[in-house]
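Tertiary structure, described
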Amino acid sequence: MVRVRTGVYHDSVSLMRVSRAATALPGVEVAVVAMATELNLGIAAELGFDLPKAGPADLLIALRGGGADTLEAALAELDGLLAGLSAMPAGGTAVEHPPHTVRAAARERAATLALVSVPGPYAFAEALDAVEAGLSVMIFSDNVPVEQEVLLKRRAAELGVLVMGPDCGTAVIGGAGLGFANVLRPGPVGLVAASGTGAQQVACLLDHAGVGISHLLGVGGRDLSADVGGLSTLRALEALDADPATELIVLISKPPAPEVARAVAETIAKLGTPVVTALLGPGQDDLTAATETALRALGAPVPAWPSWPAPGTAGEHAGSLRGIYSGGTLCVEARLITGSGEFTDFGDDAYTVGRAHPMIDPTLRLEALAEVPPGEVVLLDVVLGHGADPDPAATLAPAIAGAAARGVTVIVALVGSEGDPQGLNAQAEALNAAGAAVFTSNAQAAGHAAEVAAGIAR
Amino acid sequence: MTLTMLSGEPEVITVGADLLGEALDFQAVPRTRVDWRPPMPGTEADLARVLADPRRGRANETAVGRLVSARPQLVGVRPAHEVLDLPKGTFLHAGPPIEWERASGPMRGALIGAMLLEGLAADAADAEERLARGQARLDSCHHHRTVGPMAGVVTSSMWMFEVRDAEHGGTAYCSLNEGLGKVLRYGAYGPEVLRRLRWMAEVLGPALQATLERSGPLDLRALTAQALQMGDELHNRNRAATSLLVRELAPEVAEAAPGHAAEVLRFINGNDHFFLNAGMAACKVSADAARNVPGSTMVVAMARNGTDFGVQVSGLGDRWFTGPAGVPDGLYLGAYGPDDANPDIGDSTITETAGLGGFAMAAAPAIVRFVGGDVSDAMAATRSMYEITLAEHPAYQIPGLDFRGTPVGVDVTLVARTGLLPTVNTGIAGRVAGTGQVGAGLVSPPASAFTTALAALAEAVDHGNGSV
Amino acid sequence: MSVGTRPKARRVHVRTHGTGAASTTLRQVLEAPRRPARVLAAFPAGVYLEIRTELEPQVIAVVTGQATRLPNAMVVSDPMPQVAVGDEACVGDGSIDVGRLSLRAHRWWNPAPPLGTVKVAELVRSLPAMAGLCERSSRRSGLEGNGAADLLAQGCAEGSLLKSVVAAEQLIGLGPGLTPSGDDVLAGLLVALRHLGGATGADRAVWLADWLAAAVTFDVRGRTTPISAALLHCAARGEASGEVLAVLRGLAGRQSLEPALHRLLQLGHTSGADLAWGLRIGLAAVIDLEGRGN
């Protein structure tokens, strides 16, 4: 059964949630509920659906399963779910005539920043609206052309605002978590990050140490490239330097382009606020070490990072190592530390086409975990916080237990704070009870995994 | 440098994935949710190029600034042959340029009437044959600083409102309104139509000209602002504006044309739409002030000829961007129905171009039923136009929206982004030549007029910035 | 999109669970083991709870986004719990349970954010501006012309702890309402002395704030309403509502003063004007005391 609804729009993440729910309806085998973009039409066609003409502004519903009556019933159920999407979320400001653009919203309502997560090709217009209205903007969207990024950041510099992103996964402004963000206590450390999960790791470790953050400013993964020239990084550093709540700045990035590195160094030299840099690369401090440097700079004690050792005896023997990651920076860090093993970053664009990020949708990682042969060592990350899976252990713990039962050693890097909605302790205990060794430091998790794989430790 | 967002309570505008917006709700972060949808199909690349044009912001500010600062004044009523480059045998018409072959019923009817009025044909059949043979030269009103309602046909013997912009110095013209029912602008050309037009040229025009010579210029900006507060939207409802006009002119008419004062005033007073044409000229002179600002994406003309709907854009000179004119949706007079309706026609969309008419629906609850809706629809119509306009008019205010200025200055990029088309109030002409008015209602312009304009703007970006 | 996969169990949101943003002042009482509490006052935009605990604050507010963000508040996005004065409640183990709602903090804010370094010249510029705006406002303090308030201003300007404490003793609990005018003036003063004094390096002002705070909080409970007592405890640590913090930033030249002060003056019956008066006394005192050693 295929239906096309014209003039109906829902964002892709919401539709993925509906799709999942649809697959759960009685008698439904395959369900595609998506905007009829070329990509989604292709996916539906591959699944063998016969498709009528439809465009990106139309909603495509394709169902296969038991008899026609079953599908009709499923369709009715689906319509209910879709109607629920259209209804205003409980907490959002219910307005009679919601604005259709950031420009209109900024004209009618007070605001300090905008959060843009529309599909990449459309993000430029909304972000530019924000900048031109004098608002800083976080662009969660990816696939934004680099020349648009440069233009936005130049315009932002003229108008005294900050562009965070594109492809900026996390930011915390005055305690408010945007995108994938943790619940963190307010405090003296300001973070500037070209890496989302890297920033989450540092912020959560600081929180474990009882040290809060003032702001976490994401800049987007390309900001320190030669093309963009660190436009947002430099502005973010200066802004935190001027922020009275910030006493120490931590800059987190992959190693920047050489000329950009020079500009960053020059700017840092001019700041009154001390800066700790965590540049993920060979021979550099890992994120945990950088966090410890920051703590020492503040005169704060460095605690033992919380961990939950594996309960059972699984994986006594050395075996080869696999990294099954959702966070790109965490994956890079783990690979640098272990030095060997087969690592996959399921948050990479190649795995998220037409699918939600693995921090929301665990499907691919669960499949990968199920395929690990006995005797091997698996290292995986679990990232908590706003926007992420509300209960990752619910699906991961049984999979981990299954793997452990097959003789697979599972080690988890759990990135989260005590205040996170999922509950750090509850998640750690559930994963641990399933047989995993759980570390809040990814570097320690990776170090442990390398030792286990080498047969040094269990 | 400091960032304002780093101090005080964050307030966030969210656009895109609701999951991320909901996460803010759980944190009790005040937020405004944008009800986003993809732009009109096929416009992504053009939008990106046009939005990136560094000239755009300032250019639009200049263009809309000129549009809303214009001070139109009614300075005279003059024969077309004196003020327009309009030799006998040349006729102006509404909308983008069109030739006889493609002209619709009411346009053809009005052109036949024009031939008869100017004595260029013996009868209707003769006129039609001569027109078909191309014996008359046709041109768009807009090419001559002129606008005309419905068919908008202007001949050299007609008398025109002359409106001057006291701020920027421009001048614009519009014919005199004939009244309702069987009239030339709806394509009727019977003897009573021609008789009325001759009386208008012989009596009404000269009387009004003498009147304005005595009274001096009449401030149309102030009059329009007042009429809006009295329940007009100045396109489909002009009752308050006409009343105000009569009040201003009556004593002077009595003195300037004592012999004709009674019939002149009776004629004006008997037609609630008499002001429309003066108002259109006022809108035209304001919109013309905003023309030719390089890089501006603001619409300076929307007009229909009964076949095509066309727009002109400030940054693109006199080029027209057209699409097929739609059939209005509305209420019909007597036994007429949708089958009798002609596609959208007339230059009266200049009122919407200048922030009145459909854009000011919220000011005119009295006519919301006429255009098929209730008061909340009217409020919603005006509110939605703020989404696609650059400014709020400083003088034209809507009491029902707490005296918010009317939405003014349609931005082609915002139309493409939101998919919201300008709301146009209009009369509906009969499809068959000579029928006259059959109804009134609302009409949506064709999206293609705006998307082709956007494409041209995108092309102009490179040329424009290359030459600077 | 997830295609052809079986559904995974999702946590069902229990209807009575709510979330919000909490002041860090609440962190301790929230993380402590559960304690009984009761509803002290209930309004459409806010509920006050008194907790049976030795920890501060003993009174906390649960408010909507429209209400004043008090330094002892949790702001919730959900509708207010339907409760009446005297109803039982519970606070601790991470949540505030009141009525049918169990509330957890999904965000923390600092009610005493540092102001950074401020030049005293900036404050010298701000004092007449603030005075002028207050004089022109129709919102007046409930204690205008009161001798004790004048004495307080004089004592602070001279850096005299004795005079200040004598005046403060008379002001505690003075006036009607949930937060009596005298308390609001003192709260404004304490916050201004601490933040503006610290920001300009006026050690004598901070010293005065420390001692005055100790004197005020020593026996405040029992001398005024529990709500006001809790807010004075907050003010003693420099914690204030968003409106007061915005005025402090305005005085420091970090943002526009006029709109911030205007918003403060609109609060409550006279609360905003009383707080503003206290801030003014503190501002003048910091200017007078700057440069004087401790």
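1. Quick word on the overall build of chain B
Regarding its fold elements, chain B presents 15 helices and 18 strands. For 468 residues, the compact-globule estimate of 2.2 N^0.38 gives 23 Å, and the C-alpha radius of gyration of chain B, at 23 Å, lies within 12% of that figure. Taken along the three principal axes of its C-alpha coordinates, chain B extends 75 × 50 × 50 Å. Considering only contacts within chain B whose residues lie at least 6 apart along the sequence, 74% involve residues at least 24 apart.

2. Regarding helix 2 (residues 38-46) of chain A
All names here are of chain A. Those residues of helix 2 that fall on the buried side of the exposure criterion are N40, L41, I43 and A44. For helix 2, the angular spread of the buried residues around the axis is 160 degrees, confining them to a single face. Of the residues in helix 2, the exposed ones pointing more than 90 degrees away from the buried face are E38, G42 and E46. At its buried positions, helix 2 is contacted by strand 2 (28-35) and strand 3 (58-65). Where helix 2 terminates, the next one or two residues include G48, which has phi positive at roughly 90 degrees.

3. Remarks on the sheet that holds strand 3 (residues 46-51) of chain C
Two pairing modes exist for strands in a sheet, parallel and antiparallel, and in both the strands are linked by backbone hydrogen bonds. Residues and elements named next belong to chain C. Around the barrel, eight strands lie side by side as 1-5-4-3-2-6-7-8; this closed barrel has mixed pairing. On average, each strand axis in the sheet is tilted by 30 degrees relative to the strand beside it, whichever way the strands run. For strand 2 (residues 35-43) and strand 6 (residues 88-92), the ladder comprises four bridges, and the chain directions are antiparallel. Paired with R35 across the strands is V91, a residue of strand 6. With respect to the sheet, helix 7 (residues 226-236) is in contact with strand 2, strand 3 and strand 4 (59-64), its orientation differing from that of strand 4 by roughly 95 degrees.

4. Digging into the sheet that holds strand 8 (residues 176-179) of chain A
Residues and elements named next belong to chain A. The sheet built from six strands is open, its strands ordered 8-7-10-9-11-12 with mixed pairing. The two strands at the open ends of the sheet, each matched to only one other strand, are strand 8 and strand 12 (275-279). Sheet twist, expressed as the average angle between the axes of neighbouring strands with direction ignored, equals 25 degrees. Strand direction decides the pairing type here: strand 9 (residues 186-193) and strand 11 (residues 248-253), joined by five bridges, are parallel. Paired with V192 across the strands is L251, a residue of strand 11.

5. Examining unusual backbone geometry
Of the consecutive residues G165 of chain A and P166 of chain A, the connecting peptide bond is found in the cis state with omega at 5 degrees. Among the structural elements, P166 of chain A can be located in the loop between strand 6 (163-164) and strand 7 (170-173). Located in the positive-phi region is N143 of chain A, a residue other than glycine, with phi close to 60 degrees. The exposure class of N143 of chain A is exposed, given the 11 C-beta atoms found within 10 Å. At A28 of chain B, a residue that is not glycine, the phi angle is positive and equals roughly 55 degrees.

6. A word on the interface of chain A and chain B
Often the size quoted for an interface is simply the accessible area lost on bringing the parts together. Taken together, the contact pairs 60 residues of chain A with 50 residues of chain B. At the level of elements, helix 1 (12-23), helix 4 (102-108), strand 4 (113-117), helix 5 (120-132), helix 6 (146-159), strand 8 and helix 8 (231-242) of chain A are the ones that each hand at least two residues to the side of chain A that touches chain B. Ranked by the residues each element gives to the side of chain A that touches chain B, the list is headed by helix 5 of chain A, at eight residues. The residue makeup of the side of chain A that touches chain B, split by class, is 33 nonpolar, 20 polar and seven charged.

7. What about the confidence of the model for chain B?
Residues at a pLDDT of 70 or more form 98% of chain B, whose mean pLDDT is 94. In the model output, the complex is listed with pTM 0.89 alongside ipTM 0.90.

8. Observations regarding the packing of helix 5 (residues 105-117) of chain B against helix 7 (residues 191-215) of chain B
Residue and element names in this part refer to chain B. Closest axis-to-axis distance for the helix 5/helix 7 pair is 11 Å, and the angle between their directions is 60 degrees. Classified by the angle between their axes, helix 5 and helix 7 sit oblique to one another. Once helix 5 is placed against helix 7, the crossing between them reads as right-handed. Across the interface between the two elements, G113, L116 and L117 of helix 5 pack against V193, L194 and L197 of helix 7. In the contact of helix 5 with helix 7, the residues fall into five nonpolar, one polar and no charged.

9. Regarding helix 7 of chain B
Residues and elements named next belong to chain B. With 25 residues, helix 7 ought to run about 36 Å at 1.5 Å a step, and its terminal C-alpha atoms sit 34 Å apart, in line with that. M200 marks the point of greatest bend in helix 7, at about 40 degrees. For helix 7, every residue scored as buried is listed here: V193, L197, M200, L204, G205, A207, L208, T211 and L212. Looking at the buried side of helix 7, the elements it contacts are strand 3 (72-79), helix 5, strand 7 (159-165), helix 9 (239-256) and helix 10 (261-269). Once helix 7 ends, the next one or two residues include G216, with phi positive near 80 degrees.

10. Topic: the packing of helix 8 of chain A against helix 9 (residues 258-270) of chain A
Residues and elements named next belong to chain A. Direction vectors running N to C along helix 8 and helix 9 enclose 10 degrees, while the axes themselves pass 10 Å from each other. Judged on the interaxial angle alone, helix 9 and helix 8 are roughly parallel. Only A263, V264, T267 and I268 of helix 9 make contact with helix 8, whose side of the interface consists of T233, L234, L237 and E238. Here the contact of helix 8 with helix 9 is built from residues that sort into five nonpolar, two polar and one charged.

11. Quick notes on the pairing of strand 4 of chain A
Taken across its five residues, strand 4 of chain A has five buried, putting it largely inside the fold. By the alternation rule, side chains of strand 4 of chain A split into L113, L115 and S117 of chain A and A114 and V116 of chain A, which are all buried. Note: strand 4 of chain A against strand 1 (residues 12-16) of chain B, five bridges, orientation parallel. When the sheet's bridge partners are listed, L113 of chain A is paired in strand 1 of chain B with V12 of chain B. Across four bridges, the pairing between strand 4 of chain A and strand 5 (residues 136-139) of chain A is parallel. Each bridged residue has a counterpart across the sheet, and for A114 of chain A the counterpart in strand 5 of chain A is V137 of chain A. In this fold, strand 4 of chain A hands off to helix 5 of chain A, which returns the chain to strand 5 of chain A; that crossover is right-handed.

About the thresholds
- Residues numbered from 1 in each chain as written.
- Chains lettered and ligands numbered in written order.
- Predicted model: local features only at pLDDT ≥ 70, side-chain atom pairs only at ≥ 80, totals over all residues.
- Helix = DSSP H or I, 4+ residues; strand = E, 2+ residues; numbered from the N terminus.
- Rg over C-alpha atoms; globule rule 2.2 N^0.38 Å.
- Contact = placed C-beta atoms within 7 Å.
- Buried ≥ 20, exposed ≤ 12 C-beta atoms within 10 Å, placed from the backbone.
- Arc of directions from axis to C-beta.
- Pairing = 2+ DSSP bridges.
- Axes fitted to C-alpha atoms, helices over the stretch in contact; angles between N-to-C directions.
- Nonpolar A, V, L, I, M, F, W, Y, C, P; charged D, E, K, R; others polar.
- pLDDT = per-residue confidence, 0-100.
- Parallel < 35°, antiparallel > 145°, perpendicular 65-115°, else oblique.
- Left-handed = near helix turned anticlockwise from the far one by under 90°.
- Expected span 1.5 Å × (residues − 1).
- Bend = angle between axes of the 7 residues up to and from the residue.
- Right-handed = clockwise from strand over helix to strand, strands pointing away.

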